[in-house]
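Take a look at the letters that make up each chain.
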Amino acid sequence: MPLPPGTKLGPYEIQSPLGAGGMGEVYRARDTRLDRTVAIKILPEHLSSDPQAKQRFEREARVISSVRQNHICTLFDIGDQDGISFLVMEYLEGETLEARLQKGPLPLKLALECGMQICDALEKAHKAGIVHRDLKPGNIMLTSSGAKLLDFGLAKPAGIVPAKNLTPSSPTMHLTALTSPVGTLTQQGMVVGTFQYMAPEVLQGQEADARSDIFSFGAVLYEAVTGKRAFEGKSQISVASAILEKEPEPISKMQPMAPVALDHVIIGCLAKEPESRWQSAADIARQLRWIASGASSVDVAPPIRVRKKGLERALWAGFAVILLAALLWSFLRDSAPLRTMRSYLPAPPEMTYDFLGDFSGPPAITLDGSAIAFCAVSPKDRASIWVQSLGELSARKLEDTEGASFPFWSPDNKFIGFFSGGHLRKVPAAGGPVTIIADATNPRGGSWNRDNVIIYEPDYRDSLWRVNANGDGPTRLTKLGVGKHTTHRWPAFLPDGKHFLFFATSHSGGAEHGIYFGSLDDGSYKHVLDTDSAAQYASGYLIFHVQLQLLAQKFDPTSGALSGDPITVSDQVQYDPGTWHTSFVVSQNGVLIYEPGSKAQGSDLTWFDRSGKVQGKVGDRAFYKGSGRISPDGKRLALSVGEPQADIWVYDLVRGSRTRLTFGGSTYAMPAWSADGQKVVYVKQIGSTEMSGTSLRARLANGDGQEEVLLQGSKSATLSPQFTPDGKYLLHLKQDGPNPSLAVVSLTGDKKTFEIVQARSDQGRLFDFRLSPDGRWLAYSSNDSGTQELYVTRFPSGQGRWQISQGGGGYPAWRADGSEIFFYGLDGFLHVAAVNPKGEEFLVSAPKALFAVGFSSPLGTPYDVSPDGQHFIFGTFPDSVSTPLVLVTNWMGDLKK
């Protein structure tokens, strides 16, 4: 019978159930002596009631509790009360590998890291004479501090089945218990464990030893990398037969980009005879570290210790690696390789590739394919630029490039252009001083030609601009089509330096999105093809992304004409739907580099405290448009959710329930609350894009009543609505001409509209705003100074202006009592400034940086603040561990096959 909350087992107080299985029930509990959270496992009856089993179990538990290793779940205590035997263990937060694999295989780097950590745990236990006996994905927990092995040494056989009864070739078989559909098997009277991961000798009735754990580990690692079990069958008898007689399908067949050495490691684990396997977990860990270091792509394998058939496999694997190294050396020596080769480029030690999000971007490659530049980040460091020569084994960091994004090379390979802190900058590729070239508030890519001209998009809702690389004369190059596009981004010069490619689309969808062919002479451009992200040209082909595939099609770089049919280059290349870019680069001499895989699309809603520590998440991953808005009482969240069209929902943060306010047929976005929390106001898109028109509407937050039309749609875009505290007026961003403005419409009487703030120049823009809780002050961001900065003015007069940010900022939010104003800086940090808004003059202190955080591309606001100013909710991209980049030489060779 399950234990109810509040039950006391010695000094431990049960709080809630965590799960149950063949080895007992698990509960979350509190250690009342040390005031810490622990996990308590209630042992099954066959262990508690059998004196011999219990004595053996307690003996092993004492041994296990003495084993201290970072990747073994710590056993704190063992006890018995009122006939209930229990274990007290370390409480872990995370998910099991079994649960994670339901989403698909692990990225290679993560699989290798987990494998190394589990091997370290096995080695420590094996040296102490402990065998796990039930190693499987369900007994591996993935936590923020790495993989943890659970139930170590406690899965002792409860009974041994005679070998003759477990040999599939026997004339008579007593395997009635094995004819049910495949599933987790932990049956009393047989072997406690899971059949899919059992070593052959255990199935045949022999005692498990350390090498049996190594077989199980091989099956787990195989599944982690491929997403499929090494041994499958329609029943448990067919699984047992596969383990005893069959070999799993090679990893390279399911994951063609997996290193040969990894196949070799797993084959060595899954040998049928224990003597032919790896003989220690330490040997396996060394092999995995070697693969993870990237050496497997270019070097000879380190010494190995396997026997019989394993030695023969190792020799063949070593030969294959030597051959690959020779081919790669040949490619780097000659400019026209004859063979298509593939290899991996791992991220620098303790760093992660930073290719996803508004402030990241794909890697860049030199024209001659000799080096790449990329952004990498770590938990301790912001993104910086790294340079990797393909003739060297390690990358080097360029100093003073913190906060960098979207790098690109000069044509002579001497400089790297990039963006940071609201500016377009350049830095010598060999390292040196960083130079500012032009302003770029929220950029989306750049390209550099042989005439020293750079084209770039300075803001995510802008056209392309051009500037000399020495900083002279930034001017607009292309023009956004009215009602058609809201962005021109990801420019790439073609070989003549006079024409270029770029991607154009609207932030609300619509027609004529895709790749365009432009002229540097007059900024004119024409449509080339529909696709979902930027393209690049090399070796006579246009390389572009559609859905999950990277395609190549014949292309004339002088006329912009396509010919022939597109051919698949790769089936799985990483794509960022938030910014419409794909993580690949290609040189003019046949080098292709890309990030493999396809990360889960959508974003998370993540809570942070003022120190930047994650406090939890709201709801499930979905296509959220920004973070949503927190209700005045802090108990609900208004959200825009959906892709490509979105609807407004209200999420109850206390009960976890949801209420839908709109029901499809259009895109609904940018929700905001009335001061009393009764209504939600939002934008409804009229046409195919925002710029073709919007209307402002509202509905009761509980879903009752009918939708109200507060401002009827027109051909202009009216965005970001917000009620005044008294509910008599509605603020909005009005974009119906060259000078956008912050406007107010009366919700009573004649419903007149008047403007509060207007852009101060022909190229000026207003970005976002927020009215103070008392309705007396209006915070907004503008690029009047050349850089997007945050200002405050009086409301409703619009008189006076106080600058809040220093060095760029936007997305303001107020604390509920009006004592603090928050904003997101161009440095990637959330900032706060204390204010005293009660007098006639607006008094503000110098802003302070709170923490750095990335966020998903918003259609609305990227974050909001709780009424007490202590917690923040951000729309964030899912956490990920970057996989090594795939390096392909002479990639065109595959097109001819």
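S.K.: So what's going on with the overall build of the protein chain? Residues and values would help.
M.R.: Regarding its fold elements, the protein chain presents 11 helices and 61 strands. For the protein chain, long-range pairs separated by at least 24 residues make up 49% of all intrachain contacts whose partners lie at least 6 apart in sequence.

S.K.: A description of the packing of helix α4 (residues 108-127) against helix α10 (residues 281-292) should follow, citing residues and the corresponding values.
M.R.: When two helices pack together, their arrangement is given by the angle between their axes and by how far apart the axes lie. For the pair α4 and α10, interaxial distance at closest approach is 8 Å and the crossing angle is 160°. Relative to α10, the element α4 is oriented roughly antiparallel. Note on packing geometry: the crossing formed by α4 with α10 is left-handed. Across from L112, G115, M116, C119, D120, L122 and E123 in α4, the residues of α10 making contact are A281, A282, I284, A285, L288, R289, I291 and A292. Grouping the constituent residues of the contact of α4 with α10 by class yields 11 nonpolar, one polar and three charged.

S.K.: Talk me through the packing of aromatic side chains; I want residue IDs and the actual numbers.
M.R.: The full count for this structure, using the stated rule, is 31 aromatic pairs. Residues F406 and W490 carry aromatic rings whose centres are separated by 5.1 Å and whose planes lie at 70° to one another, so their mutual orientation is edge-to-face. With F406 in strand β16 (residues 405-409) and W490 in strand β24 (residues 487-493), this pair connects stretches of sequence that are 84 residues apart. Comparing F406 with W490 shows no difference in burial state: the two are buried. Where Y668 meets Y682, the ring centres are 5.9 Å apart and the plane angle is 70°; that geometry is what we call edge-to-face. Of the two residues, Y668 is situated in strand β42 (residues 668-673) and Y682 in strand β43 (residues 679-685); the sequence distance between them amounts to 14 residues. By relative accessible area, which is 6% here, Y668 ends up buried.

S.K.: Account for the sheet that holds strand β60 (residues 871-876), with residues named and values stated.
M.R.: Spatially, the four strands line up as an open sheet ordered β37-β36-β60-β59, and their pairing is antiparallel. Every other strand in the sheet has two partners, leaving β37 (614-622) and β59 (863-865) as the edge strands with one partner each. The average angle at which neighbouring strand axes cross in this sheet is 15°, direction not considered. Direction of pairing for β59 relative to β60: antiparallel, over a ladder of three bridges. The partner of D864 across the bridge, within β60, is I873.

S.K.: An account of the confidence of the model for the protein chain is requested, with residue identities and associated values reported.
M.R.: Per-residue confidence for the protein chain gives a mean pLDDT of 81, with 81% of residues at or over 70. A low-confidence stretch, residues 153-193 stays under pLDDT 50, and its non-local contacts, those more than four residues away or across chains, total 96 contacts.

S.K.: Describe the nonpolar core, and please don't skip the residues or the numbers.
M.R.: If you look at the biggest cluster of nonpolar residues, it comprises 78 residues, and the most contacted ones within it are F217, L288 and W891. Apart from the residues within four sequence positions on either side, W891 is in contact with T340, A538, Y541, I543, A552, V569, V586, G590, V591 and L592.

S.K.: Would you mind going over helix α7 (residues 236-245) in detail, with residue names and values included?
M.R.: Burial within α7 is extensive, with seven of its 10 residues counted as buried. On the buried face of α7, the contacting elements are α5 (200-203) and α6 (210-226).

S.K.: Let's hear about the sheet that holds strand β61 (residues 885-889): which residues, and what values?
M.R.: Here four strands make up an open sheet; going across it, the order is β10-β61-β35-β34 and the pairing antiparallel. This sheet does not close on itself; its edge strands, each paired only once, are β10 (341-345) and β34 (584-586). Here the average twist between neighbouring strands, direction ignored, is 15°. Two strands pair when backbone bridges link them, and strand β35 (residues 591-594) and β61 are joined in this way by four bridges, in the antiparallel orientation. Looking across to β61, one finds that Y594 is bridged to V886.

S.K.: Tell me about α10, and name the residues and values.
M.R.: Over its 12 residues, α10 runs 16 Å from end to end, which matches the ideal 16 Å to within 8%, given 1.5 Å per residue. In terms of burial, α10 is a largely internal element, nine of the 12 residues being buried.

S.K.: Can you break down the pairing of strand β54 (residues 809-814) residue by residue, with the values?
M.R.: Among the six residues that make up β54, six are buried, leaving the element largely enclosed by the rest of the structure. The pairing of β54 with strand β55 (residues 820-825) spans four bridges and is antiparallel. Looking at β55, one finds that W814 is bridged to I821. Between β54 and β55, which pair antiparallel in sequence order, lie five residues; one of them, G818, sits at a positive phi of approximately 75°.

S.K.: Describe the pairing of strand β39 (residues 636-641), with residues and values.
M.R.: Taken across its six residues, β39 has five buried, putting it largely inside the fold. Alignment of strand β38 (residues 629-630) against β39, held across two bridges, turns out to be antiparallel. Pairing of R629 across the sheet is with A638, part of β39. Counted between consecutive antiparallel strands, the loop separating β38 from β39 contains five residues, among which G634 sits at a positive phi close to 75°. In this sheet, strand β40 (residues 647-652) lies alongside β39 in antiparallel orientation, the contact comprising six bridges.

S.K.: Can you tell me about the pattern of salt bridges, naming the residues and giving the values?
M.R.: Tallying each qualifying case throughout the model produces 28 salt bridges. Between R30 and E13 there is a salt bridge; the shortest N-O distance is 3.7 Å. Of the two residues, R30 sits in strand β3 (residues 24-31) while E13 sits in strand β2 (residues 12-21), which places them 17 residues apart along the sequence. Residue R30 is classed as partly exposed on the basis of its relative accessible area, which comes to 28%. What makes E13 partly exposed here is its relative accessible area of 24%. The closest approach of N and O atoms between D652 and R655, which form a salt bridge, is 3.1 Å. Take D652: its relative accessible area is 14%, and that puts it in the buried class. A single salt-bridge network, built from bridges that share partners, covers R610, R815, D817 and E820.

S.K.: I'd like a description of unusual backbone geometry, backed by residues and values.
M.R.: In most cases, non-glycine residues show a negative phi, while peptide bonds are predominantly trans. F795 connects to P796 through a cis peptide bond whose omega is 10°. Inspection of the secondary structure assignment puts P796 in the loop between β52 (789-794) and β53 (802-803). One non-glycine residue, D400, lies in positive phi territory at about 65°. Mapping D400 onto the fold places it in the loop between β15 (396-397) and β16. Positioned with a positive phi, N413 is a non-glycine residue whose angle comes to about 70°.

S.K.: Quick one: what's the story with the environment of P474, residue by residue and with numbers?
M.R.: With respect to the element layout, P474 can be found in the loop between β22 (465-468) and β23 (475-476). Among the residues examined, P474 registers a relative accessible area of 39% and is labelled partly exposed. A sequence separation of 18 residues divides P474 from Y456, and the C-alpha atoms of the two residues are 10.0 Å apart.

S.K.: Lay out the packing of α4 against α6 in plain terms, naming residues and giving numbers.
M.R.: Viewed as axis vectors pointing N to C, α4 and α6 meet at an angle of 170°, and their least axial separation amounts to 11 Å. With respect to each other, α4 and α6 are oriented roughly antiparallel. Where α4 abuts α6, its residues A111, G115, I118, C119, L122 and H126 lie against A210, D213, F217, L221, A224 and V225. Of the residues that constitute the contact of α4 with α6, the class distribution is nine nonpolar, two polar and one charged.

S.K.: I'd like a description of the environment of L637, backed by residues and values.
M.R.: Inspection of the secondary structure puts L637 in strand β39. In this structure the C-alpha to C-alpha distance between L637 and W649, which are 12 residues apart in sequence, comes to 8.2 Å. For L637, the contacting residues outside a window of four places in its chain are L605, V618, S627, G628, R629, I630, W649, V650, Y651, L653, W673 and I873.

S.K.: I'd like a description of a negative patch on the surface, backed by residues and values.
M.R.: A surface patch of like charges, here negative, comprises D381, E399, D400 and E402. Note that E399 resides in the loop between β15 and β16.

About the cut-offs
Residues numbered from 1 in each chain as written. Predicted model: local features only at pLDDT ≥ 70, side-chain atom pairs only at ≥ 80, totals over all residues. Heavy atoms only, no water. Helix = DSSP H or I, 4+ residues; strand = E, 2+ residues; numbered from the N terminus. Contact = heavy atoms within 4.5 Å. Axes fitted to C-alpha atoms, helices over the stretch in contact; angles between N-to-C directions. Parallel < 35°, antiparallel > 145°, perpendicular 65-115°, else oblique. Left-handed = near helix turned anticlockwise from the far one by under 90°. Nonpolar A, V, L, I, M, F, W, Y, C, P; charged D, E, K, R; others polar. Phe/Tyr/Trp six-rings, centres within 6.5 Å; stacked < 30°, edge-to-face > 60°. Buried < 20%, exposed > 50% of the residue type's maximum accessible area, 1.4 Å probe, protein only. Pairing = 2+ DSSP bridges. pLDDT = per-residue confidence, 0-100. Core = buried A, V, L, I, M, F, W, Y, C linked by side-chain atoms within 4.5 Å. Expected span 1.5 Å × (residues − 1). Salt bridge = Lys/Arg side-chain N within 4 Å of Asp/Glu carboxyl O. Patch = residues over 30% accessible without salt bridge, like charges linked within 9 Å, V, L, I, M, F, W, Y side chains within 5 Å. Areas by Shrake-Rupley, 256 points an atom, 1.4 Å probe, with all protein chains shown as cover. Lys, Arg positive; Asp, Glu negative; His and termini not counted. Charge placed at Lys NZ, Arg CZ, Asp CG, Glu CD.

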